[in-house]
Amino acid sequence: MNEQLVDFIKYSIPLKIEYTENKGRYVVATQDIKKDTKIVAIKGYSTGIIDSFKKKICSVCLSINNEGFYDISCKSCNIAYYCSKACQMYSQRKLNHELICSLLRKLATFKSDIHSKSIMKLLINSLSLKKSEEEYMRLNSSNDNIINNWLSTVPLPSDIEEYEKELEELKLKVIDNNCEKNNDNNIDKNHIDEEELNKNTGENKLNIDNQESISSSEDEEKKKKDKKKKKHKKKDKEEKEMKKHKKDKKKEKEKINDNVINENEINKKEKSKHKHSKHHKKDIETNEEEKEDKNIDIINEKDVNSEKYDTITNTIPYSGTYNDMMNLQSHFEEWTDDMKREWQKNINFFKKLIQESKEIYKCMEDVIQESKNNSIEDINMDTEVANYLMHFASLVESNSFGIWNNKGKCIGRIIYPFASYFNHSCRNNCYPVQYKNHIYFFASKDIKKGDEVNFSYIDTAGVSLKERQAHLLADYYFKCQCELCCEEENEIISSLNNKKKKKKAK
Ligand SMILES: C[S@@+](CC[C@H](N)C(=O)[O-])C[C@H]1O[C@@H](n2cnc3c(N)ncnc32)[C@H](O)[C@@H]1O
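Residues numbered from 1 in each chain as written. Predicted model: local features only at pLDDT ≥ 70, side-chain atom pairs only at ≥ 80, totals over all residues.

So what about helix α16 (residues 483-505)? Which residues, and what values?
Taking 1.5 Å of rise per residue, the 23 residues of α16 would be expected to cover 33 Å, and the 33 Å separating its terminal C-alpha atoms lies within 8% of that figure. Counting buried positions along α16 gives 1 out of 23 residues, so the element sits mostly on the surface. (Helix = DSSP H or I, 4+ residues; strand = E, 2+ residues; numbered from the N terminus. Expected span 1.5 Å × (residues − 1). Buried ≥ 20, exposed ≤ 12 C-beta atoms within 10 Å, placed from the backbone.)

Before we move on, can you summarise the packing of helix α13 (residues 358-372) against helix α14 (residues 381-399) with the specific residues and values?
Running from N to C, α13 and α14 cross one another at 85°; their axes reach a closest spacing of 11 Å. Here α13 is positioned roughly perpendicular relative to α14, judged by the angle of their axes. From α13, Met364, Glu365, Ile368 and Lys372 reach across to α14, where they touch Met381, Glu384, Val385 and Tyr388. For the contact of α13 with α14, the per-class residue count stands at 5 nonpolar, no polar and 3 charged. (Axes fitted to C-alpha atoms, helices over the stretch in contact; angles between N-to-C directions. Parallel < 35°, antiparallel > 145°, perpendicular 65-115°, else oblique. Contact = placed C-beta atoms within 7 Å. Nonpolar A, V, L, I, M, F, W, Y, C, P; charged D, E, K, R; others polar.)

Now, about the packing of helix α12 (residues 344-355) against α14: what can you tell me, with residues and values included?
Interhelical geometry of α12 versus α14 gives an angle of 115° and a closest axis separation of 10 Å. Between α12 and α14 the crossing geometry is right-handed. Along the contact surface, α12 presents Ile347, Phe350 and Lys351, while α14 presents Asp382, Val385, Ala386 and Leu389. (Left-handed = near helix turned anticlockwise from the far one by under 90°.)

I'd like a description of the sheet that holds strand β7 (residues 315-316), backed by residues and values.
What holds strands together in a sheet is hydrogen bonding between their backbones, with the strands either parallel or antiparallel. Read across the sheet, 4 strands follow the order β7-β3-β11-β10 without closing on themselves; strand pairing throughout is mixed. The sheet is open, and its two borders are formed by β7 and β10 (430-435), each paired with just one other strand. (Pairing = 2+ DSSP bridges.)

Give a description of the nonpolar core that names residues and reports values.
Cys58, Leu389 and Tyr416 are the most contacted members of the largest nonpolar core, which totals 82 residues. Once you skip the residues sitting within four places of it in the chain, Tyr416 turns out to touch Ile42, Lys43, Gly44, Tyr45, Ser319, Phe401 and Ile439. (Core = buried A, V, L, I, M, F, W, Y, C linked by C-beta atoms within 7 Å.)

Put into structure tokens, the structure is as follows:
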């Protein structure tokens, strides 16, 4: 259990992982850390975005569009939205989107609670990442090379540059083709046909070398008309969305005015109330309402652009692998039969769903086989898929973080495998801040070499021992053994003992 699951030292990060029986693995400082220091930035591995927010967040780099909607999307599933063509291409080429495209579409139509659906989505996304990892290892034939940008969910600036270059080349190719085919030879390079480009970057048919040739001038004419029509349609749609968005905003403002609180006040209130960002089931279930009890640090662009939030210093440059994620703690063994029964409907659906993609089903078989250490003939896939999904659900509940928009709504969940070794403490010495696909841990006080580094999963200010313990048990399935809880418990025990002694003495 005490194996070094992430090599912090390799990245000059002053942390290591240790283990105790009652608290499991936890993070320890290997040198003194000053208050307010950025201790580490960790990349996310996999996400489960809630469908109703799909247009507000780039499914690759997790940029949130707080003002409007992203309009680049996978036309086949209409589930994955992107902030840029580079992210769209990244999703197709490196994240195996086409393997899960139809699964995501079907999952969106399944009637279940958003909590369970986001877990199933997270598992599907993770399985496609596992396929990417296998592909990468096959091509590089070395496990050591696994520590590579290639595996990370988010493209690095260099990846985006590479794709943008490809996109430029693609543009030039299309222009060249047009020039060759068009006798007039008077196509303005700056007015590159977006449709043409989309055709070549579109889902499931991204093949730069295999460009369609341009047909006769009649076809050209027809294409132009179609294009105009499409443009009008798109414009209409955008206008409608804008109007709706404005209407919603107006309503929201009216609501705020009703309460005689302005937006600034709300933000201020939220910021002071919600410090941290671990999330639990309820966050997802109640995401449509303003939440009472979420822990979130909302950071604005100005802060984000400061050095404090760079992803170079003290950063682990890869997000871990599927196995790193599955190595995390789950509390499935403590699930009651009732909890298992609640999942039955999801299990039946999920079993059928994954069979729709041969590759993903095979991947599922492999991971189950690996976890059971048994030959596939001796495995009852029906039972094992059910157990695997519930075990995964428990793992997600214990380890995932909420993704929040600037209104404090939980719009999805994310797993950062290497951030999951931080234990909870009601007397924490660090706090996390999330931005895009990274989580940053900052010291909230001076930390001494050898101290445990921990953050608070819940709001603890002014909350009694009994309430804190009940909250953690109900939402995170553990009895808190932090320093503060142990101290307070000991105080209660010794005062009870004193009372008993006094009674006896009388
Ligand atoms: C995100 S994980 C933290 C890493 C975990 N200890 C491990 O070994 O993987 C959360 C789990 O760690 C354990 N844990 C975290 N903080 C704890 C605490 N203060 N007291 C007891 N157990 C704790 C609980 O089992 C909890 O479900």
